[in-house]
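Residue-level listing of the chains:
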Amino acid sequence: MGLLSLGTPLPWDEAKQYADHVRKHGIIQFLNIWNRIKTRRKDHLLWGDEIEYIVVYYDEKEKQAKLSLRAHDALEKLQAAELDALARGVIPESSWKPEYGRYMLEGTPGEPYGATLDHLLDVEENMRKRRALAKSFLGPNEALFTFTAFPRLGACNFLEPHAQPTPDRGASHSLFIPDDAINPHARFPTLTANIRLRRGSKVSINMPIYHDIHTPRPFMEPVPRCLTLPLSAPLPSVLSEGCSDGTRASSEANLSNENLDQARLPSLPELVPDAKPDHIYMDCMCFGMGCSCLQVTFQACNVEEARRLYDQLAVMAPIMLALSAAAPIFRGYLADVDVRWSIIAGSVDDRTPAERGMQPLDGSPTSRFRINKSRYDSISLYLSPGPNYSGGCCESPEVPTPPPGKVSDVPTRGGAFYKDKYNDLDVAHDEKILAQLIEGGVDKHLAKHYAHLFIRDPLVVFRELLEQDDSQSSDHFENIQSTNWQTMRFKPPPPSMPNVGWRVEFRSMEIQLTDRENAAFAVFVVLLTRAILSFDLNFYIPLSKVDENMKCAHARDAVRTHKFWFRRNIFGDASKRPADLHRASGGGANGTNGINGAGVNGVNGTHPDEDEDVCDLMTIDEIFNGK
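Since we're looking at a predicted model, the values are computed, not measured. (Residues numbered from 1 in each chain as written. Predicted model: local features only at pLDDT ≥ 70, side-chain atom pairs only at ≥ 80, totals over all residues. Heavy atoms only, no water.)

## Remarks on the overall build of the protein
No. 1: For the protein, the helix and strand inventory stands at 19 helices and 17 strands.
No. 2: For 627 residues, the compact-globule formula gives about 25 Å, and the C-alpha radius of gyration of the protein, at 25 Å, lands near that figure.
No. 3: Per-residue burial over the protein gives 59% buried out of 627 residues.
No. 4: Put simply, of all contacts in the protein between residues at least 6 apart along the chain, 76% involve residues at least 24 apart. (Helix = DSSP H or I, 4+ residues; strand = E, 2+ residues; numbered from the N terminus. Rg over C-alpha atoms; globule rule 2.2 N^0.38 Å. Buried < 20%, exposed > 50% of the residue type's maximum accessible area, 1.4 Å probe, protein only. Contact = heavy atoms within 4.5 Å.)

## As for the packing of aromatic side chains
No. 1: Tallied over the full model, the rule gives 24 aromatic pairs.
No. 2: Here the aromatic rings of Trp34 and Tyr389 are separated by 4.9 Å at their centres, their planes lie at 85°, and the arrangement is edge-to-face. Here Tyr389 lies in the loop between β12 (376-377) and α12 (431-439) and Trp34 lies in helix α2 (residues 19-37), a separation of 355 residues in the sequence. This pair shows no difference in class: Trp34 is buried, exactly as Tyr389 is.
No. 3: Relative to Trp485, the ring of Tyr376 lies with its centre 6.2 Å away and its plane at 25°, an arrangement referred to as stacked. A residue pair is termed long-range when its members are at least 10 positions apart, and Tyr376 in strand β12 and Trp485 in strand β13 (residues 485-486) qualify at 109 residues. (Phe/Tyr/Trp six-rings, centres within 6.5 Å; stacked < 30°, edge-to-face > 60°.)

## Regarding the pairing of strand β3 (residues 94-97)
Along any regular strand, the residues point their side chains to alternate faces of the sheet.
No. 1: The pairing of β3 with strand β4 (residues 104-109) spans four bridges and is antiparallel. What sits directly across from Lys97, in β4, is Glu106.
No. 2: A loop of six residues connects β3 with β4, the two strands running antiparallel in sequence. (Pairing = 2+ DSSP bridges.)

## What about the pattern of salt bridges?
No. 1: Counting across every chain of the model gives 42 salt bridges.
No. 2: A salt bridge links Glu60 to Lys63; the nearest nitrogen and oxygen atoms lie 3.5 Å apart.
No. 3: Since its relative accessible area comes to 47%, Glu60 is described here as partly exposed.
No. 4: Given the relative accessible area of 66%, Lys63 is considered exposed.
No. 5: Through salt bridges with shared partners, one network takes in Asp20, Arg23, Arg198, Asp350, Glu355, Arg375 and Asp457. (Salt bridge = Lys/Arg side-chain N within 4 Å of Asp/Glu carboxyl O.)

## Describing the packing of α12 against helix α13 (residues 444-453)
No. 1: Close contact between α12 and α13 brings their axes to 9 Å; oriented N to C, the two are set at 145°. As α12 packs across α13, the resulting crossing turns out to be right-handed. Packed against α12, whose contacting residues are Ile433, Leu434, Leu437 and Ile438, the element α13 presents Lys444, Ala447, Lys448, Tyr450 and Ala451 at the interface.
No. 2: In terms of residue class, the contact of α12 with α13 is built from seven nonpolar, no polar and two charged. (Axes fitted to C-alpha atoms, helices over the stretch in contact; angles between N-to-C directions. Left-handed = near helix turned anticlockwise from the far one by under 90°. Nonpolar A, V, L, I, M, F, W, Y, C, P; charged D, E, K, R; others polar.)

## Concerning the environment of Cys156
No. 1: With respect to the element layout, Cys156 can be found in the loop between β5 (142-145) and β6 (159-160).
No. 2: In sequence terms Cys156 and Ala522 are 366 residues apart; their C-alpha atoms lie 35 Å from each other.

## Structural notes on the confidence of the model for the protein
No. 1: In the predicted model, the protein carries a mean pLDDT of 93, and the fraction of residues at 70 or more is 93%.
No. 2: Contacts for the low-pLDDT stretch residues 588-592, under 50 throughout, to residues beyond four places or in other chains number 17 contacts. (pLDDT = per-residue confidence, 0-100.)

## Considerations on the environment of Tyr53
No. 1: Tracing the backbone through its elements, the reader meets Tyr53 in strand β1 (residues 47-59).
No. 2: Along the backbone, Tyr53 and Gly107 are 54 residues apart, and their C-alpha atoms lie at a distance of 7.7 Å.

## Here's the deal with the nonpolar core
Within soluble globular proteins, side chains that are nonpolar tend to cluster in buried spots.
No. 1: Membership of the largest hydrophobic core comes to 164 residues, with the highest contact counts inside it found for Trp47, Phe298, Tyr382 and Phe490.
No. 2: By residue number, the principal contributor to this core is helix α10 (residues 303-323), which donates 13 residues.
No. 3: Once residues within four sequence positions are removed from consideration, Phe490 is found in contact with Val303, Ala306, Arg307, Tyr310, Leu383, Leu446, Tyr450, Gln481, Trp502, Arg503 and Val504. (Core = buried A, V, L, I, M, F, W, Y, C linked by side-chain atoms within 4.5 Å.)

This is the structure in structure tokens:
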């Protein structure tokens, strides 16, 4: 999970004083990377998956399944075994990293996969071996699961060993989840506390309850037991931390006037300002970052190809979210949604009321921009393939690498597909950073991408890492880059890893229960990247439509019952349409649009007189298989 530096994390009041320092040097570090290797090319496809596991303890006495906090002990043993193998000159079959939850493990292949069929066929077996290895380090009555969201996370008595939430102290101040559930690495509790402190309240997440015939209307959650126990802070102060609209002081005063009796409290929506009737209320980072997912990272041939894949896969992100939907239960309640995404977005939303549009901006450090999305959300800008800095990874005749600081005369492959009208969102960005990047040799599209990401504050600042050699380090850059958790991530090569090329990470998919399902999703996305490049596929639609698709993907059974915006004309090169290739080999057409088919009337599934950029509402079946 992002950058895991070691050191002494600064408390928020001190860390926020270094925000401009981290941003300034982060941009310098990126420019050093950019100008050193923007012309790098001819890297081969290397890729890997990332699986997040949870460890569950079976309490035979109480007949309950609980999250096991001893997973962290298993992680230490897995990492020790990995280091031992490396010390002996052996490449381990898997690599293990900490995740946000103390009950979680993150496993990846020990080395990247390549582009051959054999590598694709190895994926499921490697996942099985990872699972078996992790299981071997678990204790009695413990099991390893790939749940997107543990159904009882935040419910009563869901941890083993038991721990009590502390809404009056600690990192999260949660009513439902003890800080014991957070990984003890300094990054994680610091992230949790600093998001809450920067925001000025706890995070606020409300998911609609699913109403069956037994669900009362309105559904009003009972108060959690921790509010009936002795507290180190006044009850109105504890409750008003759940007021995120900027009126916390008045909310606390109103609650004080009610003379609340801890032994006879009303329902949660009547007490906590952010809690809503007919919703499941969640109030801390663990509800989101304690979920699991399946992510896939690819190395591209060059920077232009990486940007092209970033854009095209961004359109597929909500489609794959709906297709992999696996999270219908939160805090023990059945929700009227099927996916986790908006919960994670809410769980790390550090925006102040002014940044969320609830108060006027005043120009102070946490009130400079109106920011329309959480740090964890869908992308807000396409990158476009950009100018041809590297000369491309062209077939013969060989195209030479352009001179330093110059752009190749050969157009970027797929570059003609991008149009400015697709970037139709209102995106806040830092004008000074934009100007600095453009002056430093970055084109306007990529420059605006980073000028947008860098409006955010660094959330964890380590004292020992404040001063760095910007020519050799990327820690300040990654500090902000890695805490912008979007559906896609564009990943420059780190200075410490000279053999790594330009990469993109596909981040929207939910994890599945079995290794076979997870392998199928991972391999599908890899093959999709090959199809995009081989057939010159063009998925561009306005990003406002992609955002609509993200909302649609949350709906219950969206994969079967809802329609998504998708481009009708997806073939940039008509000579490479799969249906035409199929006909040439003696087959027939396979549909009238969608990824798997081409139109029989006109080129690429559109009428000759029709706008080539038209997009329609389609079911996922129609997107994949054609109408």
